[in-house]
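Take a look at the letters that make up each chain.
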Amino acid sequence: MTLLHLAGVTRTVELVDGPPLTILSGVDLDVEVGDRVSVVGRSGSGKSTLLNLLGLLDNPTSGDLEFDGRPVRSFSSAERDRVRGRDVGFIFQQFNLLQGRTALENVMTPLLYASGKQFWQRARIATEMLERVGLGHRLGAMPDKLSGGEQQRVAIARSLVRGPRLILADEPTGALDLETGADVMALLDEVATGSGAALITITHDPAIAALASRHLRLDHGVLTVVGETVVPDELEAVPA
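Residues numbered from 1 in each chain as written. Predicted model: local features only at pLDDT ≥ 70, side-chain atom pairs only at ≥ 80, totals over all residues. Heavy atoms only, no water.

The name that an unreviewed UniProt entry assigns to the chain is ABC transporter ATP-binding protein, with the source organism given as Cryobacterium arcticum.

1. A word on the overall build of the chain
Selection criterion: In DSSP terms, a helix is any run of H or I states spanning at least four residues, a strand is any run of E spanning at least two, and both are numbered starting from the N terminus. For the radius of gyration, the atoms used are the C-alpha atoms, and the globule rule reads 2.2 Å times the number of residues raised to 0.38. For each residue, the accessible area found with a 1.4 Å probe, counting protein chains only, is set against the maximum for its type, and the residue is called buried under 20%, exposed over 50%, and partly exposed in between. Areas reported as accessible are Shrake-Rupley estimates using a 1.4 Å probe. Residue values count occlusion only from the protein chains shown. Charged residues are defined narrowly, with Lys and Arg counted positive, Asp and Glu counted negative, and His plus the chain ends left uncounted. To locate a charge, take atom NZ for lysine, CZ for arginine, CG for aspartate or CD for glutamate.
Across its full length, the chain holds 9 helices and 10 strands. Its C-alpha atoms give the chain a radius of gyration of 18 Å, near enough to 18 Å, the size a compact globule of 240 residues would have. The principal-axis extents of the C-alpha atoms in the chain amount to approximately 50 × 45 × 40 Å. The buried share of the chain, taken over its 240 residues, is 48%. Put simply, the chain shows about 11300 Å² of open surface, and 52% of that area lies on carbon and sulfur atoms. Measuring between centres, the 23 positive side-chain charges of the chain sit 9 Å from its 31 negative side-chain charges.

2. Focus on the layout of surface pockets
Basically, it comes down to this: A 1.4 Å probe that fits but cannot get out identifies a cavity on a 1 Å grid over protein atoms alone, an open set with protein on both sides within 12 Å along at least five of seven lines counts as a pocket, and a residue lines either if it has an atom within 4 Å of a point. Grid points are joined across faces, edges and corners, and a volume is the space filled by probe spheres set on the points. Side-chain classes follow a simple rule in which Ala, Val, Leu, Ile, Met, Phe, Trp, Tyr, Cys and Pro form the nonpolar group, Asp, Glu, Lys and Arg form the charged group, and the remainder, Gly included, forms the polar group.
A volume near 610 Å³ is recorded for the largest pocket. Along the walls of the largest pocket sit 21 residues, with Arg84, Gly85, Val88, Pro110 and Arg162 positioned nearest its centre. Those elements that place two or more of their residues in the lining of the largest pocket are α2 (77-87), β6 (88-92) and α6 (148-160). Among the elements that line the lining of the largest pocket, the one with the most residues is α2, at 5 residues. Across the lining of the largest pocket, the residue classes break down as 9 nonpolar, 6 polar and 6 charged. Volume-wise, the second largest pocket comes out at about 170 Å³. Of all elements in the fold, only α7 (178-195) and α8 (206-209) reach the threshold of two or more residues within the lining of the second largest pocket. Top contributing element to the lining of the second largest pocket by residue count: α7, with 3 residues. Partitioned by chemical class, the residues of the lining of the second largest pocket number 6 nonpolar, 4 polar and 3 charged.

Have a look at this one:
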């Protein structure tokens, strides 16, 4: 089942003192339910712009973008927000935890926008999610008392607490050491597999990219397939 469909997608921004700047050019991509996709690309290649489109934060300038079989352009602003909050989980290099809030309170935050059972049982659901990522003993810890790996685990728990169907991970191990980063990616893959979510990882790290089943390169706004088998030389050519 196709979750995301992009056909001929472009993204162009108007410049005050020059011609329009094309950031994405003719992007074609299908992401199936449960898919594992990695995207590598140099700084300025359009990765953040692509992430914003996949996460329903922006509309393409031209081309077709569908989420779960529906054209994203047909969503009202309120519906887009609801779908994004319910079905898309974001994980960033910077953990973006709320300072002055406990690990449990951070993970509960997305559930404040939920309804029904998820809202009324938010403390229990958040607790179970933290236990799932191995932090059941750190519920009351403040972010500044957590290690980098623990902070990223809290961020993962927060992004997955509503059971998203699509997980977008933007350099999720960039602020972690090699061993901790590998542990975090293994955890992320395990949790995503358990929920059946598609996982798209944007990374400079060839070891992280290799964990995906499909490998793509974004270069000057053009998305191409690296191959079903990771080609280390090609991935290592992408600078951090």
